[in-house]
Amino acid sequence: MPDLAHSLLRPLRWSERALDAAIAPVVFTAMAALIGVITLQIVSRVFFTAVGWTEEVARFLLVWITFLAATLAFRRGRHIAVTFVVDALPGLPRRLARIAALLVSLGFLLGLVTIGWEYMQVQSFQKSASLRLSMTWVYAVIPLSAAIMAWYALVDIAGLALGDDPVPHADDEEQP
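Residues numbered from 1 in each chain as written. Predicted model: local features only at pLDDT ≥ 70, side-chain atom pairs only at ≥ 80, totals over all residues. Heavy atoms only, no water.

**Student:** Just to check I follow, could you spell out the overall build of the protein chain for this structure?
**Tutor:** Per the secondary structure count, the protein chain includes 6 helices and 0 strands. Written out in order from the N terminus, the α and β elements of the protein chain read α-α-α-α-α-α. Against the compact-globule benchmark of 16 Å for 176 residues, the protein chain has a radius of gyration of 20 Å, which places it well outside the compact range. The dimensions of the protein chain, computed from C-alpha atoms along their principal axes, are 65 × 45 × 30 Å. By residue count, 34% of the 176 residues in the protein chain fall in the buried class. In the protein chain, once contacts between residues fewer than 6 apart in sequence are set aside, the share between residues at least 24 apart is 75%. As presented, the protein chain carries roughly 10,600 Å² of accessible surface, and 72% of it is formed by carbon and sulfur atoms. If you average the places of the 13 positive and of the 14 negative side-chain charges in the protein chain, the two averages end up 5 Å apart. (Helix = DSSP H or I, 4+ residues; strand = E, 2+ residues; numbered from the N terminus. Rg over C-alpha atoms; globule rule 2.2 N^0.38 Å. Buried < 20%, exposed > 50% of the residue type's maximum accessible area, 1.4 Å probe, protein only. Contact = heavy atoms within 4.5 Å. Areas by Shrake-Rupley, 256 points an atom, 1.4 Å probe, with all protein chains shown as cover. Lys, Arg positive; Asp, Glu negative; His and termini not counted. Charge placed at Lys NZ, Arg CZ, Asp CG, Glu CD.)

Below is the structure:
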């Protein structure tokens, strides 16, 4: 890859790694909180009176964990994909096929940002049953995670267009 293309992609790749580095501990912390809340729920039901808010918090944490972890999987190319046809293609057709797939994904994700934002606005008047939390905060993860994945798709499209092969990300590969 030419030096100009590499210098153009460097800040984009840095932004991906920065987002990833911010999201991963949030997902980890939310998983730990989910385990704690579910444990509290089980213990309170078995030995005491059930704590009412635990089921609601567990549900909301699971929603946020699911969407945020999906962004991590998207960046690493870990979502389910059938790639044997694309992988069998030679250089340029393979890149064009990946760009086409990313453009389709980008279209879906931008649609999800729009629909998620609208849904979040429609549900803004509703409060959760136990915590009386505005449901806006629960549904905010939909447009947020879709926007993050759309950014990742744009960065990958830019990389492919400039001759880089961004999938999977070499800096994310697990070491044996």
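**Student:** Would you mind showing me how to read the layout of surface pockets here?
**Tutor:** The gaps left among the atoms become clear once a water-sized probe is rolled over them. Volume-wise, the second largest pocket comes out at about 160 Å³. Lining the second largest pocket, in full, are A30, V57, F60, L61, W64, L131, L133, W137 and V138. At the level of secondary structure, the elements contributing two or more residues to the lining of the second largest pocket comprise helix 2 (53–75) and helix 5 (135–139). Among the residues forming the lining of the second largest pocket, the class breakdown is 9 nonpolar, no polar and no charged. (1 Å grid on protein atoms, 1.4 Å probe; cavity = no way out; pocket = protein on both sides within 12 Å on 5 of 7 lines; lining within 4 Å. Points joined across faces, edges and corners; volume = space filled by probe spheres on them. Nonpolar A, V, L, I, M, F, W, Y, C, P; charged D, E, K, R; others polar.)

**Student:** Got a minute to help me understand the nonpolar core in this structure?
**Tutor:** I23, V27, L61, I65, F74 and L109 are the most contacted members of the largest nonpolar core, which has 33 residues in total. Only helix 1 (3–47), helix 2, helix 4 (91–122), helix 5 and helix 6 (141–161) provide two or more residues apiece to this core. A per-element tally of this core places helix 6 first, with 10 residues. Contacts of L61, omitting those with residues within four sequence positions, involve A30, A33, L34 and V37. (Core = buried A, V, L, I, M, F, W, Y, C linked by side-chain atoms within 4.5 Å.)

**Student:** Before we go on, may I ask you to explain unusual backbone geometry in this structure?
**Tutor:** With the exception of glycine, most residues fall at negative phi, and the peptide bonds are largely trans. Phi angles above zero are rare outside glycine, and R132 is one such case at about 60°. As for its position among the elements, R132 is in the loop between helix 4 and helix 5.

**Student:** In this structure, what is going on with the side chain of S134? I would like to understand it.
**Tutor:** With respect to the secondary-structure elements, S134 resides in the loop between helix 4 and helix 5. Owing to a relative accessible area of 14%, S134 belongs among the buried residues under this scheme. Excluding residues that lie within four positions of it along the chain, S134 makes contacts with S124, Q126 and K127.

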